[in-house]
Amino acid sequence: MEFFTTVSPDTISTIQNFVYIGSSVLFILGIKMLGKEATAVRGNYFSALAMFSAVAITCLSLKIDYKIIVAGFLLGGLIGSIIAIKVKMTAIPEMVALFNGFGGLATFLIAWSQFNVPDNSLFQHALIMLTVYIGGITFSGSLVAYGKLSERLKLGKGSWITNILISFFYLSLPALVYVIFEPSISTVLPAVPSYFLFFLGLTMLAGLGFVTPIGGGDMPVVISLLNSLSGIAAAFAGLLLLNNVLIVAGSLVGASGLILTVIMAKAMNRTIGNVLFVGYASATQATGSVEQGEVKPITADDAYLILENASSVLIVPGYGMAVAQAQHVVRELGELLEENGTEVKYGIHPVAGRMPGHMNVLLAEANVSYDLLAEPDDVNPAMDSIDVAIVIGANDVVNPSATEEEGSPIYGMPIIEVHNAKTVFVLKRSMSSGFAGVQNPLFFRENTRMLFGDAKESIGLVVSEFKD
Amino acid sequence: MEMYILLGFVLLLSIFLGLELIAKVPSTLHTPLMSGANAISGIALVGALMLSAEGDTQNLLAFGAILFASINVFGGYLVTNRMLSMFKKK
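Every chain is numbered on its own, with residues counted from 1 as its sequence reads. Whichever chain is written first is A, and whichever ligand is written first is 1; the rest continue in order. At least 70 in pLDDT is required for a residue's local features to be given in this predicted model, at least 80 for side-chain atom pairs to be given and counted, and no such filter applies to totals for whole chains, interfaces and linings, which use all residues.

### Here's the deal with the overall build of chain B
Stage number 1. The helix and strand labels rest on DSSP assignments: H or I over at least four residues marks a helix, E over at least two residues marks a strand, and numbering proceeds from the N terminus. Within chain B one finds four helices and zero strands.
Stage number 2. Ordered by position in the sequence, the α and β elements of chain B form the string α-α-α-α.
Stage number 3. Here the C-alpha atoms of chain B give a radius of gyration of 17 Å, more than 25% beyond the 12 Å that 2.2 N^0.38 yields for 90 residues.
Stage number 4. In terms of overall dimensions, chain B has a C-alpha envelope of 55 × 35 × 10 Å along the principal axes.
Stage number 5. Out of the 90 residues belonging to chain B, those deemed buried represent 61%. Note on method: radius of gyration uses C-alpha positions; expected globular size equals 2.2 Å times residues raised to 0.38. Exposure criterion: with C-beta atoms placed from backbone coordinates, a residue whose C-beta has 20 or more other C-beta atoms within 10 Å is buried, one with 12 or fewer is exposed, and one in between is partly exposed.

Written as structure tokens, this is what we have:
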């Protein structure tokens, strides 16, 4: 740093701001390119280059001891890289949640550190509180999402612990208003001693209370929202530190997370508020959907015979495919069918799985070409020409009640209308209902055959029949 | 205050820009986009590097912020890249 002591701080600041503009442009281009298949890889490089240049140029003017920086950077880089390289593709949702939480925690700590700097203006004080709040909620909320997605945390709606946590969330809202205006309030009313430390703790509890009551199937919405919040927290930290690249990059993340949140909620035909604060539970009582009847189980042998003669097959995967780790054997089945002259497509519902695009990642991992993946709008119109639709561990996203039964809690949700196909195979462990807790009349349809058991084993059996 | 108004302007425009950029992303790319955006939110690392550190508490806070933001940055970019390299047309 010897060289830079001879350059005036103003010059350094000007250079930094020019580089920040450059990185902002790279971030914008990067995120734009991430949205197209052909350019996505390059987009990620652009964004990484933007990050590198912004970080490198910031190092020209440091107030912290460089040993602390090197230590934090190396340790963090090492931990992050190890997790990223070792993680299994089925564990991507919880890992994104975890990284996201760490981003939130970083902004939380930044705002905390700024609070300790003397002489904050009223506006800065308010910004600090908002950043602490959003960053803290992002962190603890993401931890809960991580726990739920990795199935380590079983806590749900209705438990007394959940109820206590929820009350912390509601308590945190007036507390936020109080701490924002604390400098003004404490001139009139007696000051609350160490209110800031209480607030730090309360934010953490509030994040737990925010996410704990939300069920696993709603995680695509939650994880997108938390992603958005981590961006907004970074943008607020940028306002606080008067740094434009933080503002631009943070806002881009905030906006992209918000769009995904809306897309996910729409794909469930629910409002964001309904997902976050109501859940399915209250809606289920309203319906008397008791469509029962005989289910028609079949064996893998029978399934093979039907598939061998099918000329078009639609495979509809769901969370069950991820749980059974069946994506590779599914790809194998798809290839064997194609060799046999059958046209194979994959019908992917936007909210199948536990995060936006979850099924796409799994199938990509298994080497399924992405031009075989179709969205509901593409497959539904021609559904009656499909010979066999194979539903693998999906339930609510293929529930015909959504189109036919007005009283159903999932009525109006766009689904993949497999019930219109000539034959439907449903691969399922048992007869339990889906996440929404709604009985699925698909299983009792005339054209439905149930193939009970572990999806990986069942498909494996069919595959070995094909090979013989 | 003028500075804040200017930066607030940047904030709003960036949000609109982000909404426009991402509105029509195919669902195939939802996960990589999210993971890529998640890596970008590690920009908090720049903020962490700007902190002033006097005394143990401040040093500790700065260390924590740098540590966690670095995990976010490195992990985020690496995993996005890993994921995208699987998305190939055959």
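### Considerations on the overall build of chain A
Stage number 1. Check the secondary structure of chain A and you find 20 helices and six strands.
Stage number 2. Expressed along its principal axes, the backbone C-alpha trace of chain A runs to roughly 80 × 50 × 35 Å.
Stage number 3. By residue count, 51% of the 468 residues in chain A fall in the buried class.
Stage number 4. Nonlocal contacts in chain A, meaning residues at least 24 apart in sequence, comprise 78% of its contacts between residues at least 6 apart. Note on contacts: residues are paired as contacts if their backbone-placed C-beta atoms lie within 7 Å.

### Quick look at the sheet that holds strand 3 (residues 373-374) of chain A
Stage number 1. Reading across the sheet, the six strands line up as 3-2-1-4-5-6 (chain A) and stay open at both edges, with parallel pairing between neighbours. Of all the strands in the sheet, the pair left with one neighbour each is strand 3 and strand 6 (448-452) of chain A. Strands were regarded as paired on the criterion that DSSP finds at least two bridges between them.

### Quick word on the interface of chain B and chain A
Stage number 1. Taken together, the 73 residues of chain B in the interface contact 96 residues of chain A.
Stage number 2. No other element matches the 27 residues that helix 4 (residues 56-84) of chain B contributes to the side of chain B that touches chain A.

### Concerning helix 6 (residues 122-149) of chain A
All names here are of chain A.
Stage number 1. Multiplying one less than the number of residues by 1.5 Å gives the expected span of a helix. Over its 28 residues, helix 6 runs 40 Å from end to end, which matches the ideal 40 Å to within 8%, given 1.5 Å per residue.
Stage number 2. Helix 6 sits mainly inside the fold: 22 of its 28 residues count as buried.
Stage number 3. Just downstream of helix 6 lies Glu151, where phi reads positive at about 60°.

### Here's the deal with the packing of helix 5 (residues 92-115) of chain A against helix 4 of chain B
Stage number 1. Each axis is a line fitted through C-alpha atoms, and for a helix only the stretch in contact is used; angles between axes span 0 to 180 degrees, taken between their N-to-C directions. At a closest axis distance of 8 Å, the pairing of helix 5 of chain A and helix 4 of chain B adopts a crossing angle of 150°. Relative to helix 4 of chain B, the element helix 5 of chain A lies roughly antiparallel. Between helix 5 of chain A and helix 4 of chain B lies a crossing of left-handed hand. Side by side, helix 5 of chain A and helix 4 of chain B meet where Met95, Phe99, Phe102, Gly103, Leu105, Ala106, Leu109, Ile110, Trp112 and Ser113 of chain A of the first sit next to Gln58, Leu61, Ala62, Gly64, Ala65, Phe68, Ala69, Ile71, Asn72, Gly75, Gly76 and Val79 of chain B of the second.
Stage number 2. Of the residues belonging to the contact of helix 5 of chain A with helix 4 of chain B, the class tally is 15 nonpolar, seven polar and no charged. Angle categories are assigned with fixed cut-offs, so that under 35 degrees is roughly parallel, over 145 is roughly antiparallel, 65 to 115 is roughly perpendicular, and the rest are oblique. When the near helix sits turned anticlockwise from the far one by under a right angle, the crossing is termed left-handed; a clockwise turn instead gives a right-handed crossing. All residues other than Ala, Val, Leu, Ile, Met, Phe, Trp, Tyr, Cys, Pro, Asp, Glu, Lys and Arg, Gly among them, are scored as polar; the first ten of these are nonpolar and the last four charged.

### Thoughts on the pairing of strand 4 (residues 388-392) of chain A
All names here are of chain A.
Stage number 1. With five of its five residues buried, strand 4 lies for the most part within the structure.
Stage number 2. Side-chain alternation along strand 4 places Val388, Ile390 and Ile392 on one buried face and Ala389 and Val391 on a second face that is also buried.
Stage number 3. Bridging between strand 1 (residues 312-317) and strand 4 involves five bridges; their strand directions are parallel. Residue Ile315 lies in a different strand from strand 4, and its bridge partner there is Ile390.
Stage number 4. With five bridges joining them, strand 4 and strand 5 (residues 423-428) adopt parallel strand pairing. Across the sheet, Ala389 pairs through a bridge with Val424, a residue of strand 5.

### Points about the nonpolar core
Stage number 1. Any nonpolar core is a set of buried residues, restricted to Ala, Val, Leu, Ile, Met, Phe, Trp, Tyr and Cys, that join up through C-beta atoms within 7 Å. With 182 residues, the main nonpolar core has Val316, Val391 and Ile392 of chain A together with Ile43, Ala48 and Ala65 of chain B as its most contacted residues.
Stage number 2. Residues lining this core come from more than one domain, with at least three contributed by each of domain 1 (2-278) and domain 2 (300-467) of chain A.
Stage number 3. Those residues in contact with Val391 of chain A that sit more than four places away from it in its chain are Val316, Val398, Val418, Val424, Phe425, Val426 and Leu427 of chain A. What marks off one domain from the next here is an automatic or database domain assignment.

### As for the environment of Phe198 of chain A
Stage number 1. Along the chain, Phe198 of chain A falls in helix 9 (residues 195-211).
Stage number 2. With 111 residues separating them along the chain, Phe198 of chain A and Val87 of chain A place their C-alpha atoms 36 Å apart.

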